Amino acid sequence: MRIGVLGTGNMADALATQWARAGHELTLGGRDPAKARRLAERIGGGAQGAGLRGAAQSGDVVLAALPFGAGAEVVRAVRAELADKVLVDCSNPVGPGFRLLTERGPSAAQLLAEAAPGARVVKAFNLCHEDVWRMRPPVFDGRPLAVPVCGDDDEALTSVRELVRDVGCAPVAGGGLERAGLLEAAAALFIGLWVGEGADVQAIAPPLAYAAG
């Protein structure tokens with residue numbers, strides 16, 4: 001699969017490294033193409049560095065590994081290159097005090113869909129710190145990490161589920177893109193509990209057999 005990555009930060013590094021190891025063709029793009037080239041060289045596996053437009057052009061799937069405040073602006077600037085492509089949003093609109101910045105408005109994923117109306121947006125990979133995505137594989141107590149995936153296009157969802165499996169995780173159907181806001185709200189809650197309270201979020205939910213009473 002040809003994958004473009006918008007961004008050169010930690011999430012871009014972690015996920016692109018895993019996908020390069022899985023044999024995908026990576027092009028990383030940033031505002032500073034030289035930084036993107038250095039990251040591509042470190043990742044290896046034939047990964048290439050480019051500007052943002054070059055990364056958007058190169059991928060059949062494009063990961064928006066961008067901070068919430070910058071995501072829609074960057075995507076809008078390359079919207080022509082994203083037409084009919086799968087655009088994966090892994091951002092978390094979480095602000096000071098673990099506050100959800102999109103409360104009562106469109107989710108971060110929906111804002112990307114509005115910025116690039118020709119793209120097929122999928123929400124995934126937002127519930128974990130980048131260090132989890134660096135694990136080979138992310139398995140806990142013998143179980144692969146489950147990754148919720150939200151989107152409206154069946155072909156796009158199939159591609160993203162493949163990428164989830166390629167990092168050693170199990171994709172979980174999260175519903176349509178209108179449910180992306182629930183994933184983002186879950187991230188705000190989890191981050192607040194993990195970081196703010198030192199709580200074990202896994203201990204919140206009972207086993208599946210007990211979930212429905």
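The rules behind each value
Residues numbered from 1 in each chain as written. Predicted model: local features only at pLDDT ≥ 70, side-chain atom pairs only at ≥ 80, totals over all residues. Heavy atoms only, no water. Salt bridge = Lys/Arg side-chain N within 4 Å of Asp/Glu carboxyl O. Helix = DSSP H or I, 4+ residues; strand = E, 2+ residues; numbered from the N terminus. Buried < 20%, exposed > 50% of the residue type's maximum accessible area, 1.4 Å probe, protein only. 1 Å grid on protein atoms, 1.4 Å probe; cavity = no way out; pocket = protein on both sides within 12 Å on 5 of 7 lines; lining within 4 Å. Points joined across faces, edges and corners; volume = space filled by probe spheres on them. Nonpolar A, V, L, I, M, F, W, Y, C, P; charged D, E, K, R; others polar. Core = buried A, V, L, I, M, F, W, Y, C linked by side-chain atoms within 4.5 Å. Contact = heavy atoms within 4.5 Å. Arc of directions from axis to C-beta. Polar contact = N/O pair within 3.5 Å; in protein donor to acceptor, adjacent residues only side chain to side chain. Pairing = 2+ DSSP bridges. Axes fitted to C-alpha atoms, helices over the stretch in contact; angles between N-to-C directions. Parallel < 35°, antiparallel > 145°, perpendicular 65-115°, else oblique. Left-handed = near helix turned anticlockwise from the far one by under 90°.

Asker: An account of the pattern of salt bridges is needed here, citing residue identities and associated values.
Answerer: For the structure on display, the rule yields 12 salt bridges. Between R2 and D60 there is a salt bridge, with the nearest N and O atoms lying 3.0 Å from each other. Here the residue R2 occupies a position in strand 1 (residues 2-6), and D60 occupies one in the loop between helix 3 (52-58) and strand 4 (61-64), the gap between them amounting to 58 residues. Looking at R2, the relative accessible area reads 35%, which means it is partly exposed. Ionic pairing is found between E184 and K123, a salt bridge with its closest N-O pair at 2.8 Å.

Asker: Got a sec to walk through the layout of surface pockets? Specific residues and values, please.
Answerer: Volume-wise, the largest pocket comes out at about 1500 Å³. Together, 46 residues line the largest pocket, and L127, C128, L145, F190 and W194 are the ones closest to its centre. Counting residues per element, the ones that place at least two in the lining of the largest pocket are helix 1 (10-21), helix 6 (130-133), strand 10 (143-144), strand 11 (146-151) and helix 8 (180-197). In terms of residue count, the dominant contributor to the lining of the largest pocket is helix 8 (7 residues). The class makeup of the residues in the lining of the largest pocket is 34 nonpolar, 8 polar and 4 charged.

Asker: Kindly report on the nonpolar core, identifying the contributing residues and their values.
Answerer: If you look at the biggest cluster of nonpolar residues, it comprises 37 residues, and the most contacted ones within it are V5, W19, L26, L28, F125, W133 and V160. With 7 residues, helix 1 is the largest single contributor of residues to this core. With residues near it in sequence (within four places) discarded, L28 still touches V5, A16, A36, L39, A40, I43, A47, Q48, G49, A50 and A55. Counting 21 residues, the second-largest nonpolar core is a separate cluster that includes L52, V75, A109 and A116.

Asker: Please set out helix 2 (residues 33-43) residue by residue, giving values where relevant.
Answerer: Restricting attention to buried positions, one finds in helix 2 the residues A36, L39, A40 and I43. Within helix 2, the buried residues cover an arc of 100° as seen down the axis, which keeps them to one side. Within helix 2, the exposed residues directed more than 90 degrees away from the buried face are E41 and R42. One side-chain oxygen of the residue at the start of helix 2 lies 3.1 Å from the amide nitrogen of A34, identifying that residue as D32. Within two residues after helix 2, G44 carries a phi angle of roughly 75°, on the positive side.

Asker: Give a detailed account of helix 4 (residues 68-77), specifying residues and quantitative values.
Answerer: Listed as buried for helix 4 are A70, G71, A72, V74 and V75. Looking at the buried side of helix 4, the elements it contacts are strand 1, helix 3, strand 5 (86-89) and helix 5 (108-115).

Asker: Got a sec to walk through the sheet that holds strand 4? Specific residues and values, please.
Answerer: What holds strands together in a sheet is hydrogen bonding between their backbones, with the strands either parallel or antiparallel. Strand order across the open sheet formed by 8 strands is 3-2-1-4-5-8-11-12, with mixed pairing between neighbours. Two strands lie at the open edges of the sheet, namely strand 3 (48-51) and strand 12 (170-173), each paired on one side alone. Between one strand axis and the next, the sheet turns through 30° on average, direction left out of account. Of the strands in this sheet, strand 1, strand 2 (25-30) and strand 4 are in contact with helix 1, which crosses strand 2 at around 165°. Across the face of the sheet, helix 7 (residues 154-166) comes into contact with strand 1, strand 4, strand 5, strand 8 (120-123), strand 11 and strand 12 while running at roughly 160° to strand 11.

Asker: Explain the packing of helix 1 against helix 2 to me, and be specific about the residues and the numbers.
Answerer: The N-to-C vectors of helix 1 and helix 2 enclose an angle of 45°; their axes lie 10 Å apart at closest approach. With respect to helix 2, the axis of helix 1 lies oblique. The two elements helix 1 and helix 2 cross, and the hand of that crossing is right-handed. Along the contact surface, helix 1 presents D13, A16, T17 and A20, while helix 2 presents L39, R42 and I43. Grouping the amino acids of the contact of helix 1 with helix 2 by side-chain chemistry returns 4 nonpolar, 1 polar and 2 charged.

Asker: Lay out the side chain of E81 with the relevant residues and their values.
Answerer: In this fold, E81 is placed in the loop between helix 4 and strand 5. E81 gets classed as buried once you look at its relative accessible area, which sits at 15%. Discounting chain neighbours no more than four positions away, the residues touching E81 are R53, A56 and Q57.

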